[in-house]
Amino acid sequence: MLTELSESFNNDFKDFRPYPTIADREAWASVSEVWKQKTIALAESYLDYKFPELSATDFMDFIRTGNRIRYENLYFEKRYALAALVLAECVEDKGRFTDGIVNGIFSICEESGWLLPPHNSYIRDTPQLPLPDITHPVLDLFACETGAVLATASYLLSERLNEISPFITKRVEYELERRIYIPYINEHFWWMGNGTEPMNNWTIWCTQNVLLSSFLISKDKEYLKKAFRKACKSADYFLNEYGDDGCCDEGAQYYRHAGLCLFGAIEVLNAVTDGHFGSLYDEDKVKNIASYIMNVHVDGEYYVNFADCSPVAGRSGVREYLFAKRTCNSEMMQYAAEDFIAGKDETLLLPKESNLYYRLQNAFTASEISEYSKNEQSEKSYRDIFYPSVGLFITRDNSLYLAAKAGDNDDSHNHNDTGSITVYKNGKPLLIDVGVENYTKKTFSPERYDIWTMQSAYHNLPTVNGYMQKDGADFCAQNVDYSFGTSESKISMELSSAYPTEAGLTSFFRSARLCKDKEIIIEDSYLFSDPDKSDVILSLMTYEPVTVSEVNSNLLLKIGNLGSLFIEGVKLIDTETIPITDSRLSICWKHEIYRTLISVTDNRSVIHIL
């Protein structure tokens, strides 16, 4: 798509001036008063902030201990501070925040590397180097994003910064040249794509930020032409990974770094070519990519999640709204506007967003999106949907929400979760997908599936003769069938191939159906190559504590005060309490979670969820 459009564009680029700079006082005066007041208050909290040095030993912490959080907390806080100070100075234009801005720019420019330690390698999936090589920069996600941050700051404030010293913006230009522009054109990093390697969110996330850092301040026409063409090729490699249905196989959380970054890249390309890329918003695949986030929204802060995605995947807001606006999806515009309002300061200010450009978009869209949320009061009509490219099935009624994953165990950021189900009742989690803990060195290593959250035994799935599911494309659901109806929606699948041959399964057939406004029924049946080896232990993961009672040789599980599971064909083994001590998991799970283990008798079980 994009490569063809790039090849047919033969004109000069227009200047990329997406939003007013600090010099346009009338434009900044028109920004939302609430946004301005809160932006200034946030920046005032950074007035005495000392931008920390990121030492060599800080960088090596990941190699030495496997911990990446200690370094990243320092790294990102610097960028949060700079973004807050820049925007507040644009609001006030009094010079009150300028010293902090200059300190922040120089502090970031003086970092030996803009990349994160877990990404410090030149070849995909190879061991990380202990320290960055300043003569040979690695372009990772956050090196590219840091380039966009500094370019945005320079774009907005160059008139004022040059009054202090021309060497501030000159330093930014110098660092962007050696750290972004030169390696981008002269090197091949795996995320750029070559038509054969699998791509993921890295491809378009990096590409969007390189485009921002380039077109916001570079005046080198030859470089911009090369970057333009290379970016379009990478964007096509990214799009080739998607099915026509637009489903993000990395989940809702990664949509913000995938689908929304595609939108960001298109916006830059379209702006500098005077609308030449506007036709992309009419493409069904692009429209489907845009609307994915609304389709996987459960209620409130919750989203359908699988793989490394969290069920609390972050509120939608300005970027989702603008993508919906470009693709003429008024229903999604309303969804994004309502979520923006519900998110309060989190979505208004984006205080923990390192990308300054996203926060700038908020400044000039907050009033519009707020007005839209007030004026558009039509009822949202969430629809049942099946995404064949990933095998994601979603159906709901007035109180129950059922999702099932009928794909394979080779997703980006994969967990071994093929066939797992999640259930919400009244917008609250009943059967859950736990998500993932903070990333460590082990997370993206050969020991990944030693981590409990990655294992099928900690999803709503059985362990068969002591064997869990395995990772890889061959471990998948087969014979998937689904239907949607006004009274019942259903999916069924054969899951024996998701387990190793040692499990002894000749068949594991699962069906899940929503009898609308009544119940959900999950039916499992098993066949074995050796009838004497037919041990099945089913795991059920819940957020609320479980009370178990026996009813006519069947089990009744009460899930807190939320709902009940009546289960035929099983015997209770145990209910485990799993404490939540990880800071990433604690974002969505405020207290312990529970795993109920039940033994399946007679090779069949039926779960009624009420």
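Scoring rules and cut-offs
- Residues numbered from 1 in each chain as written.
- Predicted model: local features only at pLDDT ≥ 70, side-chain atom pairs only at ≥ 80, totals over all residues.
- Heavy atoms only, no water.
- Core = buried A, V, L, I, M, F, W, Y, C linked by side-chain atoms within 4.5 Å.
- Buried < 20%, exposed > 50% of the residue type's maximum accessible area, 1.4 Å probe, protein only.
- Helix = DSSP H or I, 4+ residues; strand = E, 2+ residues; numbered from the N terminus.
- Contact = heavy atoms within 4.5 Å.
- Salt bridge = Lys/Arg side-chain N within 4 Å of Asp/Glu carboxyl O.
- Expected span 1.5 Å × (residues − 1).
- Pairing = 2+ DSSP bridges.
- Axes fitted to C-alpha atoms, helices over the stretch in contact; angles between N-to-C directions.
- 1 Å grid on protein atoms, 1.4 Å probe; cavity = no way out; pocket = protein on both sides within 12 Å on 5 of 7 lines; lining within 4 Å.
- Points joined across faces, edges and corners; volume = space filled by probe spheres on them.
- Nonpolar A, V, L, I, M, F, W, Y, C, P; charged D, E, K, R; others polar.
- Polar contact = N/O pair within 3.5 Å; in protein donor to acceptor, adjacent residues only side chain to side chain.
- Parallel < 35°, antiparallel > 145°, perpendicular 65-115°, else oblique.
- Left-handed = near helix turned anticlockwise from the far one by under 90°.

What follows deals with the nonpolar core. Core analysis: the largest hydrophobic core is formed by 165 residues, its most contacted members being Trp28, Trp191 and Ile593. The element best represented in this core is helix H5 (residues 69-92), accounting for 14 residues. Ignoring sequence-local partners within four residues, the contact set of Ile593 consists of Ile432, Val434, Trp452, Met541, Thr542, Tyr543, Glu576, Thr577, Ile578 and Ile580. By size, the runner-up hydrophobic cluster in this structure holds 42 residues, among which are Leu402, Val423, Phe528 and Leu540.

For the rest of this paragraph, the subject is the pattern of salt bridges. Pairs may arise between side chains of opposite charge once their charged atoms sit close together. Scanning the model with the defined rule gives 32 salt bridges in all. Between Glu72 and Arg68 there is a salt bridge, and its shortest N-O distance comes to 2.6 Å. Residues Lys225 and Glu222 are paired through a salt bridge, measuring 3.8 Å at the closest nitrogen-oxygen approach. With Lys225 and Glu222 both in helix H10 (residues 221-240) and three residues apart, the pair spans about one turn of that helix. The class of Lys225 is partly exposed, set by a relative accessible area of 32%. Each of Glu110, Arg171, Glu175, Arg178 and Arg179 takes part in one network of salt bridges that share partners.

Residues Phe59, Met60, Asp61 and Phe62 constitute the buried set of helix H4 (residues 56-65). Elements that come into contact with the buried residues of H4 comprise H5. Immediately beyond the C-terminal end of H4, within one or two residues, lies Gly66, with a positive phi of roughly 85°.

A rise of 1.5 Å per residue sets the reference length of H10, with its 20 residues, at 28 Å; its end C-alpha atoms lie 29 Å apart and thus fit the reference within 8%. Next to the buried residues of H10 lie helix H1 (2-7), helix H8 (166-186), helix H9 (201-217), helix H12 (259-272) and helix H13 (284-295).

Right, let's get into the sheet that holds strand E8 (residues 428-431). As summarised here, the arrangement of the five strands in space is E3-E4-E5-E7-E8, forming an open sheet in which the pairing is antiparallel. Here the strands that pair on one side only, and so sit at the sheet edges, are strand E3 (385-387) and E8. Direction aside, the axes of adjacent strands within the sheet are offset by 20° on average. With three bridges connecting them, strand E7 (residues 421-425) and E8 associate as antiparallel partners. Looking at E8, one finds that Val423 is bridged to Leu431.

Here the structure, examined in full by the defined rule, presents four cavities of 30 Å³ or more. By volume, the largest cavity is sized at about 130 Å³. Broken down by element, the lining of the largest cavity gets its largest block of residues, three residues, from H8. Among the residues making up the lining of the largest cavity, the classes are represented as ten nonpolar, four polar and three charged. The volume enclosed by the second largest cavity comes to roughly 80 Å³. Along its surface, the second largest cavity is lined by Val304, Asn305, Phe306, Leu392, Ala403, Ala404, Lys405, Asp417, Ser420, Ile421, Thr422 and Asp433. For the lining of the second largest cavity, the elements supplying multiple residues, two or more each, are strand E5 (400-405) and E7. Partitioning the lining of the second largest cavity into residue classes produces six nonpolar, three polar and three charged.

What follows deals with the environment of Asn295. Within the secondary structure layout, Asn295 lies in helix H13. With residues up to four places along the chain from it excluded, the contact list for Asn295 reads Arg383, Ile385, Tyr387, Ile394 and Tyr401. In terms of polar contacts, Asn295 uses its side chain to reach the side chain of Tyr387, at 3.0 Å.

In this section: the packing of H4 against H5. Two numbers describe how H4 lies on H5: the axes approach to 8 Å, and their chain directions differ by 155°. The orientation of H4 with respect to H5, classified from their angle, is roughly antiparallel. Handedness of the crossing formed by H4 with H5: left-handed. On H5, the residues touching Asp58, Phe59, Asp61 and Thr65 of H4 are Arg70, Tyr71 and Leu74. When the residues that make up the contact of H4 with H5 are grouped by side-chain class, the tally is three nonpolar, one polar and three charged.

Now for the pairing of strand E4 (residues 392-396). Within E4, five of the five residues are buried, which leaves the element mostly enclosed by the surrounding structure. Pairing of E3 with E4, which is carried by three bridges, proceeds in the antiparallel orientation. Bridge pairing in E4 links Ile385 to Ile394. Linking E4 to E5, which pair antiparallel, is a turn of three residues.

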